[in-house]
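# Observations on chain architecture
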Amino acid sequence: MTSIHDTRSSSNTEHAGPRARPRRRSILPEADHQQLQRHLDLCEGVQHSARGLLGYVLRNKIMTTEPVANLHARDLVTGGCCVSYSVDGGPVQSGLLVHRARSGSGSGVIPVSSLLGATLIGMRIGQRAALLCEDGAILSVTVLEVAPPS
């Protein structure tokens, strides 16, 4: 008796059409990737819509980034770095991206557990991404400069 095996690929790109390319995963230091998971764990179960959006952004970031040990990239936004960015082509803004923002932190601090912070982490200089807002608006954020943690 002969067995017949189906040799067709079951990849996601098979049915996506001729232009589809596999999505490359971005890289992120292992410690930042683990922190993203912790932020997501804190978000889950909260019914507030902003937390729902934040959970969505965090899940997407976790799924589309590859944790890498001993990663040191000068153009990559990571926890502890100072990042300059522009929203919708507006004025340059900057802040310190932190995983643990203290309550009452002044301006210039961007918690990773915010929509802006979760969007920025893992981006590179010159990269642009959609920035979801609590009011449902979708803006665009572009990374202009990164100063790695000291």
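In this text the structure is predicted, and so the values were computed from the model without any measurement.

Moving on, we come to the pattern of salt bridges. Overall, the coordinates contain 1 salt bridge when judged by the stated rule. The closest approach of N and O atoms between D75 and R124, which form a salt bridge, is 2.4 Å. Of this pair, D75 sits in the loop between β2 (65-68) and β3 (82-87) while R124 sits in the loop between α3 (115-120) and β6 (128-132); the two residues are 49 residues apart in sequence, bridging distant segments of the chain.

To continue, consider the confidence of the model for the chain. Chain-level pLDDT for the chain is 82 on average; 76% of the residues reach the 70-or-more range. With pLDDT under 50 throughout, residues 1-17 is counted as low confidence; its partners more than four residues away or in other chains account for 3 contacts.

Moving on, we come to the sheet that holds strand β4 (residues 93-98). Strands sit in the order β5-β4-β3-β7-β6 across an open sheet of 5 strands; the sheet is mixed. Pairing within the sheet leaves two strands with one partner each, and these edge strands are β5 (109-111) and β6. The sheet shows a mean angle of 45° between the axes of neighbouring strands, direction not considered.

Let us now look at the pairing of β6. Examined bridge by bridge, β6 and strand β7 (residues 138-147) share 5 bridges and lie antiparallel to one another. In the sheet register, A130 faces β7, and the bridge partner there is S140. Adjacent in sequence and paired antiparallel, β6 and β7 are bridged by 5 residues, among which G136 carries a positive phi angle near 95°.

You will see that N70, though not glycine, has its phi angle at about 55°, which is positive. Take N70: it is sitting in the loop between β2 and β3. Residue D88 is not a glycine yet carries a positive backbone phi of 50°. Within the fold, D88 resides in the loop between β3 and β4.

Next up on the list: the side chain of H99. Position of H99 relative to the elements: it lies in the loop between β4 and β5. Note on H99: relative accessible area 15%, which makes it buried. One polar contact links H99 to D32, side chain to side chain, over a distance of 2.6 Å. Apart from residues no more than four positions distant in its own chain, H99 is found in contact with D32, Q35, H39, G79, V112 and I121.

A word on helix α1 (residues 30-43). With 14 residues, α1 extends 20 Å from end C-alpha to end C-alpha; this agrees with the ideal 20 Å at 1.5 Å per step. Burial in α1 covers these residues: D32, H33, Q35, L36, H39, L40 and C43. Buried positions in α1, seen along its axis, are confined to an arc of 160° and lie on one side of it. For α1, the exposed residues set more than 90 degrees away from the buried face come down to A31 and L42.

Moving on: the environment of H33. Along the chain, H33 turns up in helix α1. The class for H33 is buried, based on a relative accessible area of 13%. Look past the residues within four positions of H33 in its chain and what remains in contact with it is L28, I62, T65 and P67.

Attention now moves to the side chain of T65. Mapped onto the elements, T65 comes out in strand β2. With a relative accessible area of 2%, T65 lands in the buried category. A polar contact is formed between the side chain of T65 and the side chain of H33, at a distance of 3.3 Å. For T65, the side chain forms a polar contact with the main-chain oxygen of K61, separated by 2.7 Å. Those residues in contact with T65 that lie beyond four places of it in its chain are R25, S26, L28 and H33.

So, how was this worked out
Residues numbered from 1 in each chain as written. Predicted model: local features only at pLDDT ≥ 70, side-chain atom pairs only at ≥ 80, totals over all residues. Heavy atoms only, no water. Salt bridge = Lys/Arg side-chain N within 4 Å of Asp/Glu carboxyl O. Helix = DSSP H or I, 4+ residues; strand = E, 2+ residues; numbered from the N terminus. pLDDT = per-residue confidence, 0-100. Contact = heavy atoms within 4.5 Å. Pairing = 2+ DSSP bridges. Axes fitted to C-alpha atoms, helices over the stretch in contact; angles between N-to-C directions. Buried < 20%, exposed > 50% of the residue type's maximum accessible area, 1.4 Å probe, protein only. Polar contact = N/O pair within 3.5 Å; in protein donor to acceptor, adjacent residues only side chain to side chain. Expected span 1.5 Å × (residues − 1). Arc of directions from axis to C-beta.

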